[in-house]
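Examination of the molecular architecture
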Amino acid sequence: PWFVYIAECRDQTLYVGIAKDAHNRIEAHNTTNQCRYTRYRKPLKLAYKELCENYNIARKRESEIKRFSRKKKLELIIG
């Protein structure tokens with residue numbers, strides 16, 4: 001299974017990504033410089049995760065969520 005996740009950055013921006021393990025991916029964002037967007041926005045905290053059946057579904061959902069407005073992303077986080 002794959003997860004789509006939303007992370008809140010130090011500057012309160014929201015980062016959307018996918019991973020097999022969302023918690024480990026957040027840890028990787030916080031301890032490495034692999035992701036250009038989050039490199040200078042550490043620390044990140046996991047704000048939302050959503051289980052997807054497979055990689056392709058997760059990618060499509062990630063793309064969909066990335067197009068959401070900030071307000072809509074926050075509504076998704078709040079539930």
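Structure report, in brief. Here the structure is a predicted model, which is why all the values come from computation and not from measurement.

Another aspect to go through is the pairing of strand β2 (residues 14-19). Here β2 lies mainly inside the structure; six of its six residues are buried. Burial along β2 is two-sided: L14, V16 and I18 and Y15, G17 and A19, pointing in opposite directions, are all buried. Where strand β1 (residues 2-8) folds back onto β2 in an antiparallel hairpin, the turn is made up of five residues, including Q12, whose phi is positive at roughly 70°.

The subject of this paragraph is the side chain of K42. With respect to the helices and strands, K42 occurs in the loop between α1 (22-31) and β3 (45-52). One buried charge, K42, has no salt-bridge partner; the nearest side chain with opposite charge is E27, at 10 Å. There is a polar contact of 2.9 Å between the side chain of K42 and the side chain of N33. Ignoring anything within four residues of it in the chain, the contact list for K42 reads R10, H29, N30, T31, T32 and N33.

Before going further, it helps to spend a moment on the pattern of salt bridges. Throughout the structure, instances matching the rule amount to six salt bridges. Notably, a salt bridge pairs K45 with E8, separated by 3.9 Å at the nearest N-O pair. With K45 in strand β3 and E8 in strand β1, the pair connects residues that are 37 residues apart, well separated along the chain. Overall, the relative accessible area of 22% leaves E8 in the partly exposed class. For E62, the salt bridge is made with K66, and the minimal N-O distance between the two is 3.4 Å. Linking E62 with K66, this pair stays in helix α2 (residues 55-66), spanning four residues, or about one helical turn. The class of K66 is partly exposed, set by a relative accessible area of 45%.

Reading across the sheet, the three strands line up as β2-β1-β3 and stay open at both edges, with antiparallel pairing between neighbours. Two strands bound the open sheet, and with one partner strand each, they are β2 and β3. Along the sheet, successive strands turn relative to each other by an average axial angle of 20°, direction set aside. Here seven bridges tie β1 to β3, and the two strands are oriented antiparallel to one another. Residue pairing in the sheet places I6 in a bridge with Y48 of β3. Lying on the sheet, α2 is in contact with β1, β2 and β3; it crosses β2 at an angle near 170°.

Definitions and limits used
Residues numbered from 1 in each chain as written. Predicted model: local features only at pLDDT ≥ 70, side-chain atom pairs only at ≥ 80, totals over all residues. Heavy atoms only, no water. Buried < 20%, exposed > 50% of the residue type's maximum accessible area, 1.4 Å probe, protein only. Helix = DSSP H or I, 4+ residues; strand = E, 2+ residues; numbered from the N terminus. Pairing = 2+ DSSP bridges. Lys, Arg positive; Asp, Glu negative; His and termini not counted. Salt bridge = Lys/Arg side-chain N within 4 Å of Asp/Glu carboxyl O. Polar contact = N/O pair within 3.5 Å; in protein donor to acceptor, adjacent residues only side chain to side chain. Contact = heavy atoms within 4.5 Å. Axes fitted to C-alpha atoms, helices over the stretch in contact; angles between N-to-C directions.

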